[in-house]
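As a plain string of letters, each chain reads:
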Amino acid sequence: MKNKLKPINRLLILICSLGLIAVLFTPIWRIELDAPQYPEGLSLSIHANGLKGNVDIVNGLNHYIGMQTLHNENFIEFTILPYIIGFFIALLILIAIVNKRKFLNIGFILFVLFGIIAMVDFWKWEYDYGHNLSSDAPIKVPGMAYQPPLIGFKQLLNFGAYSIPDIGGWIFIGVGTLLMLCVFTEFKKAKQKL
Amino acid sequence: MKKINFSLVALSAAALFAMNSCKPKNAGNAVNAGAAEKAYVAPGRYDEFYNFVSGGFSGQVSVYGLPSGRLLRVIPVFSNDPQSGYGYSEETKPMLNTSHGSIPWDDQHHLALSQTNGEIDGRWIFANANNTPRVARIDLKTFNTAEILELPNSAGNHSSPFITENTEYVVAGTRFSVPPDNANGDVPINSYKQNFQGTISFIKVDKEHGGMDIAFQLNCPPVDFDLSHAGKGKSHGWFFFSCYNTEQANTLLEVNASQRDKDFIMAVNWKKAEEYLKAGKGKKIPAKYVHNVYDEATQTAKSETKNEVTVLDVKELKDICYFIPCPKSPHGCDVDPTGEYIVGSGKLAALIPVFSFDKIQAAIAKKDYIGDYNGIPVIKYESALYGEVQKPGLGPLHTEFDGKGNAITSFFVSSEIVKWNIKDLKVIDRQPTFYSVGHLCIPGGDTKKPNAKYVIAYNKITKDRYLPTGPELNQSAQLYDISGDKMQLILDFPTIGEPHYAQAVSADLIKNNSVKFFKIDENKNPYVTKGEGASKVVREGNKVHVYMTAIRSHFVPDNIEGIKVGDEVYFHVTNLEQDWDIPHGFGVKGAPNAELLIMPGETRTLKWTADKVGIIPIYCTDFCSALHQEMQGYVRVSPAGSNVPLLFSTGKNMPKTDSAQKK
């Protein structure tokens, strides 16, 4: 009995699973670029299943600094990411059905771990793209790397890069926050019962 | 006596001095404070209006922003344009084809924006060619010339391309009457009255795609048809043409065509003409003329020769045409926004007659004629007249309307624009122009719904308006704010060629539809190269086709060998960019035609005949990127009959010594 979840929390968990379904169909992260000759701006948006936005234009510009071109096929992430999100959707529904606090705690820990791993992976790609430059590059600036910021703004030569979560990313953060709230309230409830 | 003489001299000197100070103030003083603010558009901000201005003898159409007067673009239409390759590239060469062969020039006078329900719809703009009679249609999504139609049986296509209120028809009236094309033209020039003919063409416009086709031509008496405007609202279904030289002179027209006190405005009931056409009264006659269409999908123009035109004889077929006497060689023929008033401007008259559509209809019903002219009834002047504007100025030419019941007329001789009320025919305001204004333009000023914030005067004489540039000067235009009662001069700007008529429209109707680049996936040019991997060089006898790509900042291929003297080389260059405002140019050393300027997603072809042995550089002419200067290549030309194999590549053709060292 003491392991059962509050009905409101079960509802919240179900809402969280719905939120994750939305994440599958919305952009998760966005990198906005602007330069003197691009007053209208360029943007790259990361979806669960691939990169969208001005990918071709960015690829056209990348060769000047010897940066690799971006191709969805080169990212294993875009193949497995939808499955991982699918797994979390199923897991959250299961937690709501099974109705056990322990399950909720494990689910939350897994979710947070996934978030951390995803950000580390994102950083690793950014590092690779920003540092692993072709030696034939027409423009070489000694000591210059072109790693975009993980989050926030950074000036890279004539381009200003601004990296922020997009709708899907914000939903993802919201889901994490809601789950934390559930874990916390369940923890308090369990403590009171003791 | 001496004293008297001295005082007389002193008096006259004083009088002369006083007269000198009476001299009117010069042009500089005509500009009021606050003018700069009204014409100022801050850097980076958009103008409120597009102003499409005819290029006159430049043959092109220029586009300005208003109120800044900034030149936005020159659209090549009737003249070839080496800077864009228009008329030089294989894709655009057919646009300038005529029944006389390719013509690199024309004289572009008038413009008409397409209309729906009498209002500008922002889809197309039509342009006339005065010298070799043609009408062009420009697509306002791309600002490219989409179509050019030649007109048979015509010469001096001046009263054109005026349009009906739903763009049903674009008209073309001949200024020079001439013998019809299929008649024997080898006749004495002074047999004008017997052998010459005035022709008016009605060009049908496809409602959806804008495609033009001559629906019918009206065979009219030989006179000089000058200008025209369609009826609107209540007078929709009618067209009005001014005509001079009703004396039918064939020489020294300056004198001989200025003899009659009144020439005519010809009223044409085109709905009646349509009825006759439907009833099969039209005669198909042989006539050779060409129709050039630019296909947006294949990005290629095709020229088709037509051999027949349908003609209606207005002497035999009654009730199509009527003449209305109009004083002194009328020029402008303008219809007010309600469609009731038709303003005729006699170039040599000292008054402006205003005709009433209702009165014209009543006169026709009562057969209130004073006789006929070459078989066409002539309506009694007083029966058609609403009233006359007395002493408006000297040499009235053209009239535009503000939609608030007023008209503004340009005066060449007295060099001014004059605002007058249509109802009471009283002059309200007059402002000088610098100098000798021809046409004038109010945004939508010849439609049902004028947007009367400004009037622009397009002048024929420039003289001291700008810094001198030798004997040849650009023409000047003046912009006046007409939002108040008084017209206020706010800007003066130079123009291209010789502007005649112009059109202006709110930018909102056009700017959002403007194409940024062509989608490479939709490029159906038969010589497109979709991707660098697809580039190739193909020899077919002495013709060599180079399928080349351009993207920042290289061509593929950029090294070509195996071309021989005498080879006809076709460079089919595809711009692979899919980004806004990244055109690439393409120049070939010694090519006797022009460059190519290729928009993103477009394919353009330059034909070049290898004329001597050697190395020919090729390069990008449009500064496309930081490495634009590196966007270059070479073509090796070997003697005719040489065995040099056909080779082409980019980034692979390295020196032998370098490759050896690397090993």
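All values derive from a computational prediction rather than experimental measurement.

Considerations on the overall build of chain B
Reasoning step 1: When helices and strands are counted, chain B shows eight helices and 45 strands.
Reasoning step 2: The globule rule puts the C-alpha radius of gyration for 663 residues at 26 Å, and the 29 Å found for chain B is close to it.
Reasoning step 3: In terms of its C-alpha atoms, chain B occupies a principal-axis envelope of roughly 110 × 80 × 50 Å.
Reasoning step 4: Put simply, chain B has 663 residues, and 49% of those count as buried.
Reasoning step 5: Relative to all contacts within chain B whose residues are 6 or more apart in sequence, the contacts with residues 24 or more apart total 62%.

Observations regarding the overall build of chain A
Reasoning step 1: Broken down by element type, chain A carries five helices and five strands.
Reasoning step 2: At 21 Å, chain A has a C-alpha radius of gyration far larger than the 16 Å of a compact globule built from 194 residues.
Reasoning step 3: Each principal axis of the C-alpha distribution contributes one length, and for chain A these read about 70 × 30 × 25 Å.
Reasoning step 4: By the burial criterion, 21% of the 194 residues in chain A qualify as buried.
Reasoning step 5: Within chain A, contacts between residues at least 6 apart in sequence are counted, and of these 64% link residues at least 24 apart.

Digging into helix α5 (residues 167-193) of chain A
Within an α-helix, residues lying three or four positions from one another point in the same direction, as the helix has 3.6 residues per turn.
Residue and element names in this part refer to chain A.
Reasoning step 1: Compared with the 39 Å implied by 1.5 Å per residue over 27 residues, the 39 Å span of α5 between its first and last C-alpha is a close match.
Reasoning step 2: Those residues of α5 not exposed but buried are G168, I171, F172, V175, L179, C182 and E186.
Reasoning step 3: The inward-facing, buried residues of α5 abut α1 (7-25) and α4 (101-131).

Concerning the domain arrangement of chain B
Residues and elements named next belong to chain B.
Reasoning step 1: We note that the domain assignment places domain 1 (49-513) and domain 2 (520-662) within chain B.
Reasoning step 2: Centre-to-centre separation of domain 1 and domain 2, based on C-alpha positions: 45 Å.
Reasoning step 3: With twelve residues of domain 1 at the interface, the matching set in domain 2 holds 17 residues.
Reasoning step 4: Across the side of domain 1 that touches domain 2, the residue classes tally to three nonpolar, seven polar and two charged.

With respect to the interface of chain B and chain A
Reasoning step 1: Counting residues at the interface gives six residues for chain B and five residues for chain A.
Reasoning step 2: The class makeup of the residues in the side of chain B that touches chain A is three nonpolar, one polar and two charged.

Regarding the pairing of strand β26 (residues 396-401) of chain B
All names here are of chain B.
Reasoning step 1: Among the six residues that make up β26, six are buried, leaving the element largely enclosed by the rest of the structure.
Reasoning step 2: Of the strand pairs in this sheet, β26 and strand β27 (residues 406-411) are connected by four bridges, and their pairing is antiparallel. Considered in β27, the bridge of F401 is made with A407.
Reasoning step 3: Connecting β26 to the next strand, β27, in antiparallel fashion are four residues, including G403 with a positive phi near 75 degrees.

Quick word on the sheet that holds β27(B)
Residue and element names in this part refer to chain B.
Reasoning step 1: The sheet built from four strands is open, its strands ordered β26-β27-β28-β29 with antiparallel pairing. Edge strands, defined here as strands with exactly one partner in the open sheet, are β26 and β29 (427-432). Here the average twist between neighbouring strands, direction ignored, is 20 degrees.

Points about the packing of α1(A) against α5(A)
All names here are of chain A.
Reasoning step 1: At their nearest, the axes of α1 and α5 sit 9 Å apart, and the two run at 165 degrees to each other. It follows from the interaxial angle that α1 and α5 lie roughly antiparallel. Here α1 runs over α5; the crossing is left-handed. On the side of α1, the interface is formed by N9, L12, I13, C16, G19, L20, A22 and V23, while α5 contributes G168, I171, F172, G174, V175, L178, L179, C182, T185 and E186.
Reasoning step 2: Split into classes, the residues belonging to the contact of α1 with α5 amount to twelve nonpolar, five polar and one charged.

As for the packing of α4(A) against α5(A)
All names here are of chain A.
Reasoning step 1: α5 packs onto α4 with a crossing angle of 145 degrees between their chain directions and a minimal axis gap of 10 Å. The hand of the α4/α5 crossing is left-handed. Where α4 abuts α5, its residues R101, L104, N105, F108, F111, V112 and G115 lie against G176, L179, M180, C182, V183, E186 and A190.
Reasoning step 2: When the residues that make up the contact of α4 with α5 are grouped by side-chain class, the tally is nine nonpolar, three polar and two charged.

Structural notes on α1(A)
Residue and element names in this part refer to chain A.
Reasoning step 1: Taking 1.5 Å as the rise per residue, α1 with 19 residues should run 27 Å; its terminal C-alpha atoms sit 28 Å apart, in good agreement.
Reasoning step 2: Of all the positions in α1, only N9, I13, C16, L20 and V23 are classed as buried. Seen from one end, α1 has its buried residues packed into an arc of 60 degrees, which puts them on one side. Exposed and oriented more than 90 degrees from the buried face of α1 are P7, I8, I21 and F25.

Focus on the sheet that holds strand β33 (residues 488-495) of chain B
Residue and element names in this part refer to chain B.
Reasoning step 1: Strand order in the open sheet formed by four strands is β30-β31-β32-β33, with antiparallel pairing between adjacent strands. Two strands bound the open sheet, and with one partner strand each, they are β30 (437-441) and β33. Between one strand axis and the next, the sheet turns by 25 degrees as a mean value, whatever way the strands run.
Reasoning step 2: Taken together, the three bridges between β30 and strand β31 (residues 454-459) define a ladder with antiparallel strand orientation. Bridging from a neighbouring strand, C441 pairs with I456 of β31.

Quick look at unusual backbone geometry
If a residue is not glycine, its phi is most likely negative; likewise, a peptide bond is most likely trans.
All names here are of chain B.
Reasoning step 1: Going from R552 to S553, the amide bond is cis rather than trans, its omega being -5 degrees.
Reasoning step 2: One can find S553 in the loop between β36 (543-551) and β37 (554-556).
Reasoning step 3: Following V556, the chain continues into P557 via a peptide bond in cis, with omega recorded as -5 degrees.
Reasoning step 4: Note that P557 resides in the loop between β37 and β38 (559-564).
Reasoning step 5: Phi at L252 takes a positive value of approximately 45 degrees, unusual for a residue other than glycine.
Reasoning step 6: Within the element layout of this structure, L252 appears in the loop between β15 (238-244) and α4 (253-256).
Reasoning step 7: Looking at L252, the number of C-beta atoms within 10 Å reads 9, which means it is exposed.

Quick look at the environment of B:C243
Residue and element names in this part refer to chain B.
Reasoning step 1: For C243, the position within the fold is in strand β15.
Reasoning step 2: Judged by local crowding, C243 falls into the buried class, with 27 C-beta atoms found within 10 Å.
Reasoning step 3: In this structure, the C-alpha to C-alpha distance between C243 and G173, residues 70 residues apart in sequence, is 9.8 Å.

A word on the nonpolar core
Across soluble globular proteins, nonpolar side chains show a tendency to be buried alongside one another.
All names here are of chain B.
Reasoning step 1: Membership of the largest hydrophobic core comes to 126 residues, with the highest contact counts inside it found for I324 and V455.
Reasoning step 2: Those residues in contact with I324 that lie beyond four places of it in its chain are F264, I265, A267, F355, I360, I379 and A384.
Reasoning step 3: Residues I520, Y527, V544 and L596 belong to the second largest nonpolar core, which totals 37 residues.

Cut-offs applied
Residues numbered from 1 in each chain as written. Chains lettered and ligands numbered in written order. Predicted model: local features only at pLDDT ≥ 70, side-chain atom pairs only at ≥ 80, totals over all residues. Helix = DSSP H or I, 4+ residues; strand = E, 2+ residues; numbered from the N terminus. Rg over C-alpha atoms; globule rule 2.2 N^0.38 Å. Buried ≥ 20, exposed ≤ 12 C-beta atoms within 10 Å, placed from the backbone. Contact = placed C-beta atoms within 7 Å. Expected span 1.5 Å × (residues − 1). Domains from an automatic or database assignment. Nonpolar A, V, L, I, M, F, W, Y, C, P; charged D, E, K, R; others polar. Pairing = 2+ DSSP bridges. Axes fitted to C-alpha atoms, helices over the stretch in contact; angles between N-to-C directions. Parallel < 35°, antiparallel > 145°, perpendicular 65-115°, else oblique. Left-handed = near helix turned anticlockwise from the far one by under 90°. Arc of directions from axis to C-beta. Core = buried A, V, L, I, M, F, W, Y, C linked by C-beta atoms within 7 Å.

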